[in-house]
Amino acid sequence: MPDYVLGVPRYANTAPLYHFLEQGDGIAFRYGVPTELNRWLLEGSVDLSLVSSYFYLANADKLRPLPDFSVADLGPVYSVNLFHTRPWRELRSVALTTESATSVRLLRYLLEADGVEPEYTGEQGGLELLERYDGVLLIGDRAIATYAGLLERIPESVHHIPREFTGPQGARLWVSDLSMQWYERTRLPFVFAVWATRRDEPPPPEVVRRLRAARSLGLGNLAAVAGTEAERLGVPERLMQHYLWNFRYHLEAPDRLGLQTFARAVGLPYPGDYWDV
Ligand SMILES: C=C(O[C@@H]1C=C(C(=O)O)C=C[C@H]1O)C(=O)O
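Residues numbered from 1 in each chain as written. Predicted model: local features only at pLDDT ≥ 70, side-chain atom pairs only at ≥ 80, totals over all residues. Heavy atoms only, no water.

Stated formally: UniProt positions are given in the numbering used here, feature names are shortened, and annotations may be inferred rather than shown by experiment.
Per an unreviewed UniProt entry, the protein carries the name Chorismate dehydratase and comes from Calidithermus terrae. We quote the UniProt Catalytic activity (unreviewed entry) comment for the protein here in full: "chorismate = 3-[(1-carboxyvinyl)-oxy]benzoate + H2O". The UniProt entry for the protein carries the following comment under Function (unreviewed entry): "Catalyzes the dehydration of chorismate into 3-[(1-carboxyvinyl)oxy]benzoate, a step in the biosynthesis of menaquinone (MK, vitamin K2)."

1. Observations regarding the site of the ligand
Basically, it comes down to this: Here a residue is near a molecule or strand as soon as one of its heavy atoms is found within 4 Å of it. N or O atoms within 3.5 Å of each other form a polar contact, as long as, within protein, one can give a hydrogen and the other can take it, and as long as residues adjacent in sequence are counted only when both atoms are side-chain atoms. The accessible surface values rely on the Shrake-Rupley method and a 1.4 Å probe; as for residues, cover is taken only from the protein chains in view. Cavity and pocket criteria rest on a 1 Å grid covering protein atoms alone: a 1.4 Å probe that fits but cannot get out defines a cavity, protein on both sides within 12 Å along at least 5 of 7 lines defines an open pocket, and an atom within 4 Å of a point defines a lining residue. Each molecule is assigned to a cavity or pocket provided more than half of its atoms lie within 2 Å of the corresponding grid points. Helix and strand assignments come from DSSP, with helices taken as H or I runs of at least 4 residues and strands as E runs of at least 2, each series counted from the N terminus. Asp, Glu, Lys and Arg are counted as charged, while Ala, Val, Leu, Ile, Met, Phe, Trp, Tyr, Cys and Pro are counted as nonpolar; the rest, among them Gly, fall into the polar class. Where each domain starts and ends comes from a domain assignment, either automatic or drawn from a database.
Within the structure, the ligand sits among 18 residues, and Asn13, Ser52, Ser79, Ser100 and Gly140 are positioned closest to it. At 2.6 Å from an oxygen atom of the ligand is found a side-chain nitrogen or oxygen belonging to Ser79. Here the ligand loses 100% of its free accessible area of 390 Å² to cover by the protein chains. A majority-of-atoms criterion places the ligand in the largest cavity. For the shell around the ligand, the elements supplying multiple residues, two or more each, are helix 4 (102-113) and strand 12 (190-198). Residue composition of the shell around the ligand, grouped by class: 10 nonpolar, eight polar and no charged. When residues of the shell around the ligand are assigned to domains, at least three map to each of domain 1 (4-72 + 189-265) and domain 2 (80-186).

2. A closer look at the pattern of salt bridges
Under the convention used in this document: Between Lys or Arg on one side and Asp or Glu on the other, a salt bridge is scored when a side-chain nitrogen of the former is within 4 Å of a carboxyl oxygen of the latter. Burial classification: accessible surface area is computed with a 1.4 Å probe over protein chains only, and a residue below 20% of its type maximum counts as buried, one above 50% as exposed, and the rest as partly exposed.
Under the definition given, this model contains 21 salt bridges. Here Glu229 ties to Arg232 by a salt bridge, and the two come within 2.7 Å at their closest N and O atoms. Here Arg232 and Glu229 lie together in helix 8 (residues 222-233), a separation of three residues that amounts to about one turn. Put simply, Arg248 and Glu252 hold a salt bridge, and the shortest N to O gap is 3.8 Å. The class for Glu252 is partly exposed, based on a relative accessible area of 40%. Through salt bridges with shared partners, a single ionic network connects Arg86, Glu90, Arg92 and Asp134.

3. Examining the sheet that holds strand 7 (residues 93-97)
Two modes of strand pairing occur in sheets, parallel and antiparallel, and in both the strands are linked by backbone hydrogen bonds. For clarity, the cut-off: Here the rule is simple: two strands pair whenever DSSP picks up at least two bridges between them. Interaxial angle, 0 to 180 degrees, is taken between N-to-C directions of lines fitted to C-alpha atoms, where a helix line uses only the stretch in contact.
An order of 8-7-9-6-11-10 is seen for the six strands of this open sheet, with the pairing classed as mixed. Edge strands, defined here as strands with exactly one partner in the open sheet, are strand 8 (119-123) and strand 10 (164-166). The average undirected angle you get between the axes of adjacent strands in this sheet is 25 degrees. In terms of strand pairing, strand 10 meets strand 11 (residues 172-177) through three bridges, oriented antiparallel. Paired with Phe165 across the bridge in strand 11 is Leu173.

4. Focus: the nonpolar core
Formally: Put simply, buried Ala, Val, Leu, Ile, Met, Phe, Trp, Tyr and Cys residues joined by side-chain atoms within 4.5 Å make one nonpolar core. Only heavy atoms enter the contact rule, under which two residues are in contact if any of them lie within 4.5 Å.
Within the largest apolar cluster, 95 residues are counted, with the highest numbers of intra-cluster contacts made by Leu6, Leu107, Trp195 and Met240. Counting residues per element, this core draws most heavily on strand 12, which supplies seven residues. Domain assignment of the residues forming this core places at least three in each of domain 1 (4-72 + 189-265) and domain 2 (80-186). Contacts of Leu107, omitting those with residues within four sequence positions, involve Leu82, Trp88, Val94, Leu96, Tyr120, Leu137 and Leu178.

5. Structural notes on unusual backbone geometry
A positive phi angle is found at Tyr78, which is not glycine, with a value near 75 degrees. The topology assignment puts Tyr78 in the loop between strand 5 (71-73) and strand 6 (80-84). Look at Tyr78 and you get buried, because its relative accessible area is 3%. Phi angles above zero are rare outside glycine, and Leu251 is one such case at about 40 degrees. Its place among the elements puts Leu251 in the loop between strand 13 (247-248) and helix 10 (253-265). Take Leu251: its relative accessible area is 3%, and that puts it in the buried class.

6. Focus on the domain arrangement of the protein
Keep this limit in mind: When two parts are brought into contact, each loses some accessible area as probed by a 1.4 Å sphere; the total of that loss over both is the buried area.
Domain boundaries assigned for the protein yield domain 1 (4-72 + 189-265) and domain 2 (80-186). Here the C-alpha centre of domain 2 lies 23 Å away from the C-alpha centre of domain 1. Between domain 1 and domain 2, the residue contacts involve 28 residues of the former and 24 residues of the latter. Summed over both partners, the interface of domain 1 with domain 2 buries about 2200 Å², with 72% contributed by carbon and sulfur atoms. Here domain 1 and domain 2 share one salt bridge between them. In this structure, the salt-bridge partner of Asp141 is Arg232, at a minimum N-O distance of 2.9 Å. Inspection of the region where domain 1 meets domain 2 yields nine residue pairs in polar contact (both at pLDDT 80 or more). Only helix 2 (34-43), helix 3 (53-58), strand 12, helix 8, helix 9 (237-245) and helix 10 provide two or more residues apiece to the side of domain 1 that touches domain 2. Counted by class, the side of domain 1 that touches domain 2 contains 17 nonpolar, eight polar and three charged residues.

This is the structure in structure tokens:
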């Protein structure tokens, strides 16, 4: 039998889900950025994948999620950030990460809601893009590493997260956390990703059992996961721990409501049907 292929973004924020999942015994991983994984799942080159929530919603006629897995947050996420050198309401040009489907759509929604309509350009890169754009949207490892690089010291509490910095050439640099903005508008969690399969290919229960066991181990040993990821990214371990314990990995009722509210916000249907597994 060929291996059952899991699509995994190699991001610190997903590591608690797969750090303790062994490849082998019928399971293989394929790593990619979310936009690649989205495509691979539809094309059939992965079988069960973490996919961008927006991509799932836009393709809900073809995809179906697991009932109890998410990459979500209530309030700040720290790694889905618009870094900008002009105030939010005065943005004219924004460079968008090409790694994400969800955060790109979320940013557009949030800016439109405030009557802001900059020109958007897909770009790969980091803060150096601010030489050419008023803002740059980053997600995942690049976003958390960039944010960590700006911090002078590690905040002691989630209530003390600096949002204003001095950027290149002494200019003001703002960091807008999109999940926090979503929370301020809706008071709901924001779901960034779900595990999904194609609708005609139910997930094998044994694979789901192994995923759940791996998540239990990952969350139960978060310090170990954070240590590995902090070293990989070169960010302080305490910051990585703080970052990871803030995620919601279980797609609970408030997360589903957040997902449904996001669907409505962007004009997509919310099927709300999950695998019974
Ligand atoms: C919160 C994040 O979650 C990720 C964001 C995704 C997206 O925007 O498409 C997809 C997978 C998640 O792991 C992040 O990477 O910062």
